[in-house]
Each structure stands twice: as C-alpha cells, then as structure tokens.
Amino acid sequence: MSLTTNKAVLTWVDEMAAIVQPDSIVWIDGSEEQLEELRAIGCSTGEMIKLNQELLPGCYYHRSAVNDVARVEDRTFICCKNKEDAGPTNNWMDPQEMKNKLMGIFAGSMKGRTMYVIPYSMSVIGSPFAKYGIEITDSIYVVLSMAIMTRMGKEVYDALGDSPDFIKGLHSKADLDAEKRYIVHFPEENTIMSVNSGYGGNVLLGKKCFALRIASHLGKQENWMAEHMLILGIENPKGEVRYLAAAFPSACGKTNLAMLIPPELYRKKGYKVWCVGDDIAWIRIGEDGRLWATNPENGFFGVAPGTSAKSNPNALASTKKNSIFTNVVLTEDGNVWWEGLDKNPPKNALNWKGEPWDTTDGSKGAHPNSRFTAPAENCPCISSEFNNPQGVPLSAIVFGGRRAKTAPLVYQSRDWQHGVFVGSVMASETTAAATGAVGVVRRDPMAMLPFCGYNMGDYWQHWLNMGEMVPNKPKIFNVNWFRLDDDGNFIWPGFGDNMRVLEWIMARCFDEVDADETAIGFVPKPEDINLEESGVSLETLRDLLSVDKELWKTEVEGIKEFYAKFGDKLPTALREELSKLEENLK
Ligand code: OXD
Ligand code: MN
C-alpha cells in the first residue's frame, strides 16, 4: 500500500514500475518491523548474512559482485541539455539520448523481483537544510543501508506533503553487467538513474549522487553549497567549540581527521574534537552573516582496511552495532576482519569473494575498498550539534592533498578570493613512499572532481559569489600531512598530532596568533605550533613550513595547463590570483 497521496510521487512510481516491471512493490515506511522483515528475506536469499549477534549486535554482512566493488567514474554522467554546462571534467551525453539508452537497460529489469520505494531526507527532516528524495531499488542491501545513511521513513512523506519537490532516484541491479553499468544524473530534472551495480557508492543514491552532484547544482541556483567536506568541532579548555570544514581527495584520511583524538597533552588540558560529519557538508548563509554547515547524512560509509583501535578507535567503535559490512573478511564465528585491523588474521575465514582464505598465500582477505556502513549516533565523539537543524557556524575551511614536497604543512590564504584559488588548484600526488619516488599530480579542485554536478568553472564562480554574499566569512587554509623526506618517509606524524595544526588554524581565525607572509600565503611562525611531546624538532618543523620557490614555479606551470581546460569559464578572479602567485615567485 502506498504511504502517500502525493500525486507527483505516485505518478512517477507508476511510470517507473511500468518500465522495470517488478512482481510487487513495497513502500518502505522506515519501521523497525519492516526492516527486520527485510533482513530476514535478505538472509534467506544470501543477499545478507547475519553476523554473530553477541559480538556485533544488529550487524550484517554483504558481498557485492566481484566486478562491482568501487565507484565507476568513467561510467558516471552529467546529462544536462548543453554539453558546456557539464564542463570538461564530467562525462556528458544528451539527456534524451541517455534516457533512450537507459530505458532499454531498465526495461523489465525487475521482473521476478520486488521493487522497494524508499522515502529519505538528506539533513534533519523539516530543517532549513533538508532536501527529500525517493529511491526506487530492487536491492534489500540498498534499503538497509539507506536506513543507516539517511533519515528514512514515512515522516518524509509528511514533510513533503503535496510538493513535487523531491529528487527522483531509480536504481536496479539489473544483471550487474559492467558493460551496461551507468550512474547518470539529470540535474535539470532532479533525477538520478543507476543501473547494473550493487556497490554502495553507485547505488546509495542519497550520498555522492544526490548530496554532492545534484545538490551542488541546486546550491548554485539557491545560493548555498554542497561540498565534499568533513565537519568537526574543536572544544578548548574554556568549553568553547569552534568548527571547521575540510576537503580532501579520497584516501587522504578524511574519516580519521573527522574523528581525531587529540594527543594526551591536549586531552589533559581539556581539548576535545567532536565529529559532525566525515564526508559531505551542506553549507548555508546564516542570519548572522556567517556560513553554517550541516552533515546531510546520518551514518558513515567508511573504508574498512586500515581502520583499527590505533588509527581510528572512534570509527571502529561506530561499527560495533547496527552496522553493515561489505566485502571484508568473514570469520568462522560470524565476525569480521580486514587488513590493518590487527596483526591476527583469522584462520578458516572467507575472503571478500566468499572463498576459503589462507593468509599464507599472500592475498588480501578484504577488498581494499571494503566498507562499513555505521550509524553516526554510534560514534563516541559525535557532536551534540549533529542533529541541530541550524547546523554549526564555520570559522575555517581547510583544503588539503597529498604532496611530497610542494605544499607546506599548513598555510593560510590571504583572503576569500585567494582561498578559492587555493581550493581550485588542490592536488594529490601518487607517491611510491618506499622509494621516495614522486608520482603523477592529479588535480582535484575542492576534492570535487568526481562529484561536481556542473561545469567546474561555474562552480568556482559560485564559490567567489558566495564570498560576496557572506559578510562574516570563514578563513581558508591548506594543509599537507604528507610531506616526505629525501628517503621517502613521512616527516609529520599525522593522525592525532594534526591537532597541533588545527589549534594554529583556529588561533588564526580568532586573531590570537601572528604569521609570516610568503609568496603563497601566510605560514605559521615555527614557535607558534605546539611541538611539546610530538617528537618533532623545531628544525624539522621549519623544514615542513618551508616554501620552495622553484617547486612552486613548476606548480604554476601545472596550474596553467589545468586551467586551460576551462577556457572562458575560468573566472577572471582566479586568473588574477595565478598571475599574483607568479609575480610573488619572481
Ligand atoms: C568516498 C569517496 O567513498 O570519496 O567517500 O570516494
Ligand atoms: Mn568521499
């Protein structure tokens, strides 16, 4: 029975059902009874495996197909009417042509299956940030995961009322045929279609597809921002909490930073770090003229390998109940394991493919992109403001990447416009750490390269415009935890010690500390970074903060080449900033 009388919802669900032809339709209401029923069905078909409920209460296991374990950027499309609106960094196809192609693939794809209709909200239902979506899917794994990752259930229909203002998402696993796998966005129609995949990043449509690609396009029209950023609060010994949002490309430790545990010396003084979000920030202008941010998600979809009691105890604790594990090792006693969890790989376990797995053969037990899907409320350091409908006020925005030599440990932009420039040229290098060889530079502006739902040049202009609209702007910084010495070793300890840098960033935001101006922006006076009990000498810190003009001249050439792709869409302000940098390096 449908749970709504909303005509736009009913008509769209009817139309989609006529195409995919399911045997039956189930309207998801979000109740525990219904979810429990779906878990039982999922377990009976093998789609889900119930884990040891004493060790991991409420936890389940899932495997995706062997050819379907990651986001597929080459098969991800932005289909707007004009190709130029998608820009040089997105795949594009004419919307009608794409729909014709997709309809051929979706036709009859749910024959013999049940179609689930999931109502969900990104952000707290009814809050100024909230946007609603409906996802149609033939996967129980998707329903159960959406129940963790979003605010899901019939309250969404109550909030939506008669409005046609919701994001339509159609997903079918179809045959899991990699050649016919498509993740497609129609930003002008608020529609997402995903087919032939069952991997979370491609099928939990609230996440990258809606909360970043579609939402970035909405934000441009409605004067707000959807960003690939973590949000955290730093509580100082006076009990004041100051917030920052930070963007890093995938695999730069975003979840670790979001859940950072300060070094003992800071904890003793009363410092705490609170996690508001680990992946996505929606940012709006508050009535007080500041930028306010919320995490639109309700859970974490984190990479399992490398997550341990040492690297990220908060993330690990988050997975101990009501979580779903995908493509990790399944142990004999219904527990889970992955590389980097501890040094005791289990015996008689099954690897991510479901095969008996023996550590002596040298193969990995968990897929490197295996995941946990965990409720945010499980996180020991979740912010008390996580559910605040107004979000949290941002004092700082931080960009970062993985650079072997070029970028110093931290620097501050001179102003908002310069900060947008710093974000627009963000990059990571693939480093062969063992040999110290420096790899290829991949530009990933604002960490949004795979997630911006429109022309990146227009997106930068939107950032610049937002700066004009916000009287009380956050300060913009860049960090690099990954500087290498000549032998290829990391110089900065990272992890909890990154707190020392965050402390300086906040001190700058509140005019509590001075800085040195360099060609690229402001860097800390070395004595202003607290090195007590860090094992890092002042000499090493000086080195970490140094700006090598010759390397930056090479960087300028790389930026010019990258910017050239955007033609007329490159905002003049960014062209100016590049000239300024070039001038400063003379
Ligand atoms: C993610 C990503 O999965 O950025 O969050 O790839
Ligand atoms: Mn991400």
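Residues numbered from 1 in each chain as written. Chains lettered and ligands numbered in written order. Predicted model: local features only at pLDDT ≥ 70, side-chain atom pairs only at ≥ 80, totals over all residues. Heavy atoms only, no water.

K.L.:
Describe in detail the pairing of strand E13 (residues 241-247), supporting the description with residues and values.
P.N.:
Extensive coverage of E13 is indicated by the burial of six of its seven residues. In terms of strand pairing, strand E12 (residues 229-235) meets E13 through seven bridges, oriented antiparallel. By the bridge assignment, Ile231 is partnered in E13 with Ala245. In this structure, E13 lies alongside strand E24 (residues 392-400), joined through five bridges in parallel fashion. Bridge assignment links Tyr243 to a residue of E24, and that residue is Leu394. (Buried < 20%, exposed > 50% of the residue type's maximum accessible area, 1.4 Å probe, protein only. Helix = DSSP H or I, 4+ residues; strand = E, 2+ residues; numbered from the N terminus. Pairing = 2+ DSSP bridges.)

K.L.:
Mind laying out unusual backbone geometry, listing which residues take part and the relevant values?
P.N.:
Unusually for a residue other than glycine, Asn196 sits at a positive phi of about 70°. Locating Asn196 in the fold gives a position in the loop between strand E10 (191-195) and helix H7 (200-203). Even without being a glycine, Glu533 presents a positive backbone phi close to 60°. You can see Glu533 is positioned in the loop between strand E30 (522-523) and helix H15 (538-544). For Glu533, a relative accessible area of 63% translates into the label exposed.

K.L.:
Let's hear about the domain arrangement of the protein: which residues, and what values?
P.N.:
Here the protein is partitioned into domain 1 (7-30 + 72-222), domain 2 (227-295 + 386-584) and domain 3 (299-378). When each unit is reduced to the centre of its C-alpha atoms, the spacing between domain 2 and domain 3 is 30 Å. Counting residues at the interface gives eight residues for domain 2 and seven residues for domain 3. Of the roughly 710 Å² buried between domain 2 and domain 3, counting both surfaces, carbon and sulfur atoms make up 64%. Inspection of the region where domain 2 meets domain 3 yields zero salt bridges. Along the contact surface separating domain 2 from domain 3 lie three residue pairs in polar contact (both at pLDDT 80 or more). Here the residues of the side of domain 2 that touches domain 3 sort into five nonpolar, two polar and one charged. (Domains from an automatic or database assignment. Contact = heavy atoms within 4.5 Å. Buried area = accessible area lost by both parts, 1.4 Å probe. Salt bridge = Lys/Arg side-chain N within 4 Å of Asp/Glu carboxyl O. Polar contact = N/O pair within 3.5 Å; in protein donor to acceptor, adjacent residues only side chain to side chain. Nonpolar A, V, L, I, M, F, W, Y, C, P; charged D, E, K, R; others polar.)

K.L.:
Residue-level account of the coordination of the manganese ion (ligand 2), with values.
P.N.:
Those donors, Lys208 (NZ), His228 (NE2) and Asp279 (OD), are the protein atoms that reach the manganese ion (ligand 2), and they lie 2.1 to 2.2 Å from it. Spacing between the donor residues of the manganese ion (ligand 2) along the chain follows K-x19-H-x50-D. Residue Lys208 is found in helix H8 (residues 206-222), and its partner His228 is found in the loop between strand E11 (225-227) and E12; the two are separated by 20 residues along the sequence. (Donors = N, O, S within 2.8 Å, 3.2 Å for Na, K, Ca; no water.)

K.L.:
Summarise the site of ligand 1; cite the residues concerned and give the values.
P.N.:
For ligand 1, the full set of nearby residues is Arg71, Lys208, His228, Ser250, Asp279, Arg371 and Phe451. For ligand 1, an oxygen atom lies 3.0 Å from a polar atom in the side chain of Arg371. When the free accessible area of ligand 1 is taken as 210 Å², the share hidden by the protein chains comes to 86%. Counted by class, the shell around ligand 1 contains one nonpolar, two polar and four charged residues. (Near = heavy atom within 4 Å. Areas by Shrake-Rupley, 256 points an atom, 1.4 Å probe, with all protein chains shown as cover.)

K.L.:
A description of the pattern of salt bridges should follow, citing residues and the corresponding values.
P.N.:
Inspection of the entire model under this criterion finds 32 salt bridges. Measuring nitrogen to oxygen at the nearest pair gives 2.8 Å for the salt bridge that ties Asp138 to Arg113. With Asp138 in the loop between strand E6 (131-137) and helix H5 (140-149) and Arg113 in the loop between helix H4 (95-106) and strand E5 (114-122), this pair connects stretches of sequence that are 25 residues apart. Note on Arg113: relative accessible area 26%, which makes it partly exposed. As a salt-bridge pair, Lys254 and Asp279 come within 2.8 Å of each other at their nearest N and O atoms. Of the two residues, Lys254 is situated in helix H9 (residues 254-258) and Asp279 in the loop between strand E14 (272-277) and strand E15 (281-285); the sequence distance between them amounts to 25 residues. By relative accessible area, which is 8% here, Lys254 ends up buried. The class for Asp279 is buried, based on a relative accessible area of 9%. Overlapping salt bridges bring together Lys207, Lys208, Lys254, Asp279 and Glu297 as one network.

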